[in-house]
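Okay, here's what each chain looks like letter by letter:
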Amino acid sequence: MAIAALPADTDADIARVTEALAMITPRWNVRILLALSGPPLRYNELAAKVSWLQSGQLHPKLTALCDAGLVERTEHTSRHVTYGHTNRGVALLPVLPMIVTWAEEHLEKADRPLPAIEQIEDSLTLLTRRHAAAILWVLKSRQEVSGRALARIVMPSSDWTNIYPPLRQLVADGLVDTKGTGRPYRLSAAGDGLSPVLGTLSAWSAGQPLDQASQHPVWGNPRAKPAQRPWVSSQSRPAPAALPPARTPQSSPAWHNRDLFSHATTARPKAAIPAGGPRR
C-alpha cells in the first residue's frame with residue numbers, strides 16, 4: 001500500500017525492499033536457494049538436499065520462488081526437468097553474508113552456537129515485521145521522530161495510535177530506541193547497522209548493481225571509505241559455490257570457511273552484547 005505522506009520515490013523504494021524481503025523470508029526459502037547453488041538440479045536431487053521438508057512442501061515453495069523470479073524451471077524433456085537460479089536469484093545471494101555479518105555483531109547471543117543459515121532466518125524475521133521497513137526508513141532519514149509524527153508519515157490514513165504496536169515491537173527487537181513514554185524514537189546502533197543490508201536490497205530490487213548501495217539516499221554513505229573486515233571462523237570447509245564476497249561501503253566481509261548448514265560453528269567472537277540488543 002502506498003504511503004501518501006512519503007515522497008513517491010521513497011515510497012516505491014520501501015515497497016520494493018518489502019517485496020524482496022517477502023520473497024526470501026518464508027520458512028525454508030533461503031535454504032532452498034542455497035541448496036540450488038551450483039548446477040541445476042532435478043526435483044529428486046533437490047529434495048534430497050532439503051530432506052527436512054515433509055512430502056508435498058517442496059513443490060509449492062519452488063513454485064513461489066519461480067513466480068518471484070529467483071528460480072527457473074527448465075523442461076529438457078517431459079521426464080527431465082531441472083531447477084536452478086535465475087540471474088536475479090544469483091544477484092541476490094551476496095546479500096546473505098551481509099545479513100550474517102550484521103547478526104554476528106548485533107543480535108543477542110544465543111544459548112548455543114548458531115549456523116549462519118539460522119542467523120539469516122532470525123534477522124529476516126525482524127526485518128519483516130509489519131511497517132518495519134517504513135519506520136526504519138523514516139527514522140534513518142529524520143534521526144529523531146515523535147510517535148505522533150511518525151504515525152502521520154507511515155500510516156496517514158489510520159488512527160495515529162496504531163503506530164505504537166509496531167514501534168513497541170521494534171523497540172523490543174532492539175532496532176529502535178526511545179528514552180521513555182512520550183519521548184522521540186530513533187534508530188538503535190543495531191538499526192543503524194542495517195544500512196549495508198537495506199541499501200543493497202534496495203539496489204537489487206531496483207535492478208541496479210549492488211555496489212550502488214553506497215549511493216543510496218537514505219542508507220548509503222558515499223563519503224565513507226571501505227573498511228576491510230575478514231570473515232571470522234575457525235571452520236575449515238569449502239565456501240558455498242554461489243555466495244561471492246559481499247562488498248559494502250561499511251564493510252567488506254569475505255565469505256571464508258563457513259558452511260551455512262553446519263551446526264558445528266564456534267561461539268561468536270564478540271565478547272558481550274549490550275543489554276537491550278536485538279532479540280531472536
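See the structure printed just above.
From a predicted model like this one, the values you see are computed outputs, not experimental measurements.

K.L.:
If you had to explain the side chain of Ser 205 to someone new, which residues and values would you point to?
P.N.:
Topologically, Ser 205 is positioned in helix α12 (residues 195-205). For Ser 205, the side chain forms a polar contact with the main-chain oxygen of Ser 202, separated by 3.0 Å. Beyond its immediate stretch of four places on either side in the chain, Ser 205 contacts Arg 16, Val 17, Ala 20 and Arg 88.

K.L.:
Help me get a handle on the sheet that holds strand β3 (residues 80-85), residues and values and all.
P.N.:
Spatially, 3 strands are ordered β1-β3-β2 in an open sheet, and the strand pairing comes out antiparallel. Two strands in the sheet have a free side with no partner beyond their single neighbour: β1 (41-42) and β2 (71-77). Here 2 bridges tie β1 to β3, and the two strands are oriented antiparallel to one another. Across the sheet, the residue bridging to Arg 42 is Thr 82, located in β3. Relative to β2, helix α4 (residues 58-67) is tilted by about 105°, and along the sheet it contacts β2 and β3.

K.L.:
Outline the nonpolar core, listing residues and values.
P.N.:
Judged by nonpolar contacts, the single largest core of 72 residues is most densely connected at Ile 32, Trp 102, Leu 136 and Leu 201. Once residues lying within four places of it in the same chain are set aside, the contact partners of Ile 32 are Leu 46, Val 50, Leu 53, Leu 58, Lys 61, Leu 62 and Leu 65.

Calculation criteria
Residues numbered from 1 in each chain as written. Predicted model: local features only at pLDDT ≥ 70, side-chain atom pairs only at ≥ 80, totals over all residues. Heavy atoms only, no water. Helix = DSSP H or I, 4+ residues; strand = E, 2+ residues; numbered from the N terminus. Polar contact = N/O pair within 3.5 Å; in protein donor to acceptor, adjacent residues only side chain to side chain. Contact = heavy atoms within 4.5 Å. Pairing = 2+ DSSP bridges. Axes fitted to C-alpha atoms, helices over the stretch in contact; angles between N-to-C directions. Core = buried A, V, L, I, M, F, W, Y, C linked by side-chain atoms within 4.5 Å. Buried < 20%, exposed > 50% of the residue type's maximum accessible area, 1.4 Å probe, protein only.

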